[in-house]
Every structure is written in structure tokens, then in C-alpha cells.
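Descriptive structure summary
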Amino acid sequence: MSNVDKMREEAKKLVSECRFVVGYERGTFNHLDRALIAKTPEDVDKFVFGPTSIPNLTLYAVTDFRRPLKRGESPDARPIGIVCKGCDAKTIVELVREHIHARDQVKIIGMPCKGTIDPKKFAMLYGEDNDVKQITWGPDGFLVDGQAPKGDLLAGKCLHCKVRNPSVTDVDGMEQVDQPEAAGFEGIESFEAMDPEDRWRFFEGQFSKCIRCYACRNACPLCYCHQCSIDIQKPFNWTQKFTELPDNTFYHTMRALHLAGRCVDCGECERVCPMDIPLRLLNGKMAKVAYENFNIESGEDPDRPSLLGGCDPNDKECFIW
Ligand code: SF4
Ligand code: SF4
Ligand code: SF4
């Protein structure tokens with residue numbers, strides 16, 4: 001049985017015991033699969049999974065668990081089911097350790113994954129109005145309508161992925177994929193090698209492009225505050241709504257700090273950014289700082305508090321001086 005058939009089989013079992021199961025169905029826009037909230041076995045028949053199953057579906061879990069009840073509505077204690085790639089399943093670990101939901105409130109159908117395409121690279125190579133019918137995994141990488149692609153299509157986050165086979169799942173028996181040795185923070189280290197002034201100038205240039213559409217914040221399953229501090233105008237006006245460089249810099253540094261040691265590198269913020277701002281680089285640098293100083297990695301250990309949710313008497317205090 002293929003992994004996709006196994007996924008559908010498991011999802012059909014779950015729809016009877018869960019409020020819903022969220023998986024992927026074929027989208028209508030340029031080979032980007034979209035979320036399908038399945039409530040019946042017939043819905044599950046539409047589930048697909050492959051290199052275009054890109055969105056991090058845990059956003060639907062956090063949105064559901066954070067939704068205020070309507071007047072007169074009773075809480076529904078049934079769990080929800082989610083189809084997760086390895087990077088997305090790490091989000092569940094973060095949500096559990098931040099007490100957004102209990103582990104048993106979510107049933108994870110963990111899908112082994114050989115990497116997803118970068119839709120922006122795909123559009124560059126094939127155009128927005130291409131007539132490509134299908135992108136699949138072949139033995140040596142992606143196949144575009146059965147042929148080798150015109151160029152590199154792999155999403156940046158997949159280059160250093162350590163969880164092609166999800167580290168957390170509620171479904172056994174999936175056929176595992178090869179896990180290449182992951183090179184840690186390699187992409188960040190080349191950025192760190194730049195002169196500090198050049199790094200600052202680089203990010204000034206990036207932040208000045210930002211139109212503050214907040215798509216990055218809205219796509220991020222770990223940016224879940226009911227009211228974001230950037231929107232609070234009273235009693236303190238932390239920042240203006242203008243897209244001037246100081247205000248944009250405040251937004252991005254504030255968001256990076258709030259995600260330090262929590263960001264799971266699902267890449268959704270960068271994917272949805274209309275201005276192509278390299279947000280993974282910023283969040284990746286924070287992840288490296290969190291790892292090197294506090295030995296904490298996102299999505300690894302649900303029993304350990306998140307970086308901003310705990311402290312250790314042995315924590316380094318060098319940043320104070
Ligand atoms: S980061 Fe890993 S699990 Fe996530 S899409 Fe890429 S290869 Fe798959
Ligand atoms: S998605 Fe891009 S342009 Fe929009 S607020 Fe985020 S960084 Fe700025
Ligand atoms: S900051 Fe970006 S990469 Fe990190 S968890 Fe949020 S959406 Fe994913």
C-alpha cells in the first residue's frame with residue numbers, strides 16, 4: 001500500500017472519532033495544494049500528498065483551538081486530525097509545550113516527505129501560465145509531467161531538513177524515505193561570515209521593502225496571539241503603521257525575538273511574502289542563537305518549556321553585559 005493510500009485509510013478511521021481531519025487537496029493555483037477540512041470518508045477520498053503539499057496545516061489546529069466559543073456553544077472535546085510533514089509536525093510539539101492544546105487533542109498523520117517545491121522557483125522556470133499537469137517525486141528528485149525539471153525546484157527549508165520522516169506521528173507503517181545527513185545551520189553560517197555592517201545594510205534593504213501586509217504573521221502557526229503587540233496602540237504606541245524603515249525594523253525584530261527558539265522553519269512566512277523578504281534567514285539566525293546559548297531546538301521535546309516559557313539557573317547571562 002502506498003503512503004497516500006495509507007494516509008487516506010487512516011484519515012477515514014479518524015473522521016468518525018474527530019471533529020474534522022485536515023489534509024491536502026489539489027488546488028487551482030499553479031500546483032499549490034490547498035487545505036481540505038474533511039468530515040466524511042467521501043471528503044477524505046480527495047486527499048492528496050506530494051511535492052506540492054506545501055502549506056503547514058497546523059495553522060488550522062491553532063486557529064481552531066484559539067477560536068472563542070459562540071454564545072451558547074459547548075466545547076467539543078473530540079480531537080482533530082491533521083496530515084503533517086515532518087517540519088509541520090514539529091509545530092504540534094511547540095503548540096503542546098506552549099499549552100495551546102494537549103497532545104491527545106490532535107491526531108497526527110505523519111507523512112514521510114522527499115521535499116517540496118519552491119513555488120516561486122517553479123513560476124520563474126515555467127511561468128505563471130504554464131500548462132504543467134503534475135509534479136511528482138521520482139527516484140532522483142522531482143518529476144514535472146514525468147520529466148526532469150528545467151532547474152532546481154527544491155524549497156530552501158528542505159535543504160537542511162532533519163525530519164523527512166516525521167519525528168512525531170500517530171500512524172505507524174508508513175514507508176520511510178531516505179534521510180540525507182542534515183548540515184545544521186549551514187546557510188546561516190555563510191551569512192554570519194559577512195561583516196556586521198554589511199549584514200545590517202542587507203537587512204535594512206530587506207526591511208525597507210516590507211509593505212506590512214502581515215501575511216507572514218497570518219501564515220505562521222506560532223504567531224497566534226489574539227492581539228499582536230504591533231497592533232496595540234494604547235496605552236503605548238510601540239510603533240506606527242507607516243512602512244518607514246524604523247517601524248518596519250521594529251516589527252521584524254520584535255517578531256524574530258518572539259519566535260526565537262520556537263520557529264520550526266516551516267517556511268510559510270517566507271513563502272507568502274509578496275516582497276520576497278528572506279524571513280527564514282532572520283528566524284534561522286535566532287534559532288542558531290537559541291541552540292548555541294540555551295541548547296534548545298524547536299519542536300524537539302514537548303516536556304521541556306519553550307525558550308521564552310522557562311528559565312534555567314545555568315542559563316548564560318553574557319547578553320546582560
Ligand atoms: S523541510 Fe523536510 S519535512 Fe518539511 S517539506 Fe522539506 S523535506 Fe519535507
Ligand atoms: S509578508 Fe512580507 S511584506 Fe508582508 S509584512 Fe511580512 S515581510 Fe512584510
Ligand atoms: S516564523 Fe515562518 S518558518 Fe517559523 S514557524 Fe512561523 S511561518 Fe514557519
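Model, not experiment: these values are computed from the prediction.

1. Regarding the sheet that holds strand β4 (residues 106–110)
The pairing of strands in a sheet happens through backbone hydrogen bonds and is either parallel or antiparallel. Spatially, the four strands line up as an open sheet ordered β2-β1-β3-β4, and their pairing is mixed. Here the strands that pair on one side only, and so sit at the sheet edges, are β2 (34–38) and β4. Taking the axes of each pair of neighbouring strands and ignoring which way they run, one obtains an average angle of 35° across the sheet. Packed onto the sheet, helix α3 (residues 58–65) meets β1 (21–25), β2, β3 (80–84) and β4 and runs at close to 155° relative to β3.

2. Thoughts on helix α11 (residues 279–294)
When the terminal C-alpha atoms of α11 are compared, their 22 Å separation across 16 residues agrees well with the 22 Å that a helix rising 1.5 Å per residue should span. Buried within α11 are the following residues: Leu-279, Arg-280, Leu-282, Asn-283, Gly-284, Lys-285, Met-286, Ala-287 and Ala-290. Of the surrounding elements, those touching the buried residues of α11 are α6 (186–192), α8 (215–219), α9 (245–258) and α10 (268–272). The first or second residue beyond α11 is Asn-295, which carries a positive phi of 50°.

3. Comments concerning the domain arrangement of the chain
We note that the domain assignment places domain 1 (3–116) and domain 2 (186–320) within the chain. Between domain 1 and domain 2, the C-alpha centre-to-centre distance is 26 Å. In this assembly, 18 residues from domain 1 lie in contact with 18 residues from domain 2. Counting residues per element, the ones that place at least two in the side of domain 1 that touches domain 2 are α3 and α4 (86–97). Tallying contributions element by element places α4 first for the side of domain 1 that touches domain 2, with eight residues. Grouping the amino acids of the side of domain 1 that touches domain 2 by side-chain chemistry returns eight nonpolar, three polar and seven charged.

4. A look at the site of ligand 3
What surrounds ligand 3 is a group of 14 residues, the closest being Cys-220, Cys-263, Cys-266, Glu-268 and Cys-269. Looking at the shell around ligand 3, the elements that each hand over two or more residues are α10 and α11. With three residues, α11 is the largest single contributor of residues to the shell around ligand 3. Each residue belonging to the shell around ligand 3 can be placed in one class, and the counts come to nine nonpolar, two polar and three charged.

5. Details of the nonpolar core
Of all hydrophobic cores here, the largest spans 32 residues; its most connected members are Ile-82, Val-83, Cys-84 and Ile-109. For this core, the secondary structure elements donating two or more residues are α1 (3–15), β1, β2, α3, β3, α4 and β4. In contact with Cys-84, other than residues within four places in its own chain, are Leu-57, Thr-58, Ala-89, Ile-92, Ile-108, Ile-109, Gly-110, Met-111 and Pro-166. Core analysis: the next-biggest nonpolar cluster, separate from the first, contains 30 residues, Leu-259, Leu-282, Ile-296 and Leu-307 among them.

6. Quick look at unusual backbone geometry
Of note in this structure, His-99 is not a glycine but carries a positive phi near 60°. Tracing the backbone through its elements, the reader meets His-99 in the loop between α4 and β4. The class for His-99 is exposed, based on 10 C-beta atoms found within 10 Å. Positive phi outside glycine occurs at Asp-265, with the angle close to 60°. With respect to the helices and strands, the residue Asp-265 is situated in the loop between α9 and α10.

What counts, and at which threshold
Throughout, a residue's number is its position along its own chain's written sequence, starting from 1. Throughout, the order in which chains and ligands are written sets their labels, letters from A for the former and numbers from 1 for the latter. Confidence filtering applies because this is a predicted model: local features only for residues at pLDDT of at least 70, side-chain atom pairs given and counted only at 80 or more, and all residues used for totals across whole chains, interfaces and linings. Here, strands pair whenever DSSP counts at least two bridges between them. Helix and strand definitions here come from DSSP, where helices need a minimum of 4 consecutive H or I residues and strands a minimum of 2 consecutive E residues; each element is numbered from the N-terminal end. Interaxial angle, 0 to 180 degrees, is taken between N-to-C directions of lines fitted to C-alpha atoms, where a helix line uses only the stretch in contact. In this description, any two residues whose backbone-derived C-beta atoms lie within 7 Å of each other are considered to be in contact. A helix is expected to span 1.5 Å multiplied by its residue count minus one. A residue is called partly exposed when the number of other C-beta atoms within 10 Å of its own lies between 12 and 20, exposed at 12 or fewer, and buried at 20 or more, with C-beta atoms placed from the backbone. Marked domain ranges trace back to an automatic or database domain assignment. Under the scheme applied here, ten amino acids are nonpolar (Ala, Val, Leu, Ile, Met, Phe, Trp, Tyr, Cys and Pro), four are charged (Asp, Glu, Lys and Arg), and all others, including Gly, are polar. Using a C-beta atom placed from the backbone, a residue is scored as near a molecule or strand whenever that atom is within 6 Å of it. The term nonpolar core refers to a group of buried residues, namely Ala, Val, Leu, Ile, Met, Phe, Trp, Tyr and Cys, whose C-beta atoms join them within 7 Å.

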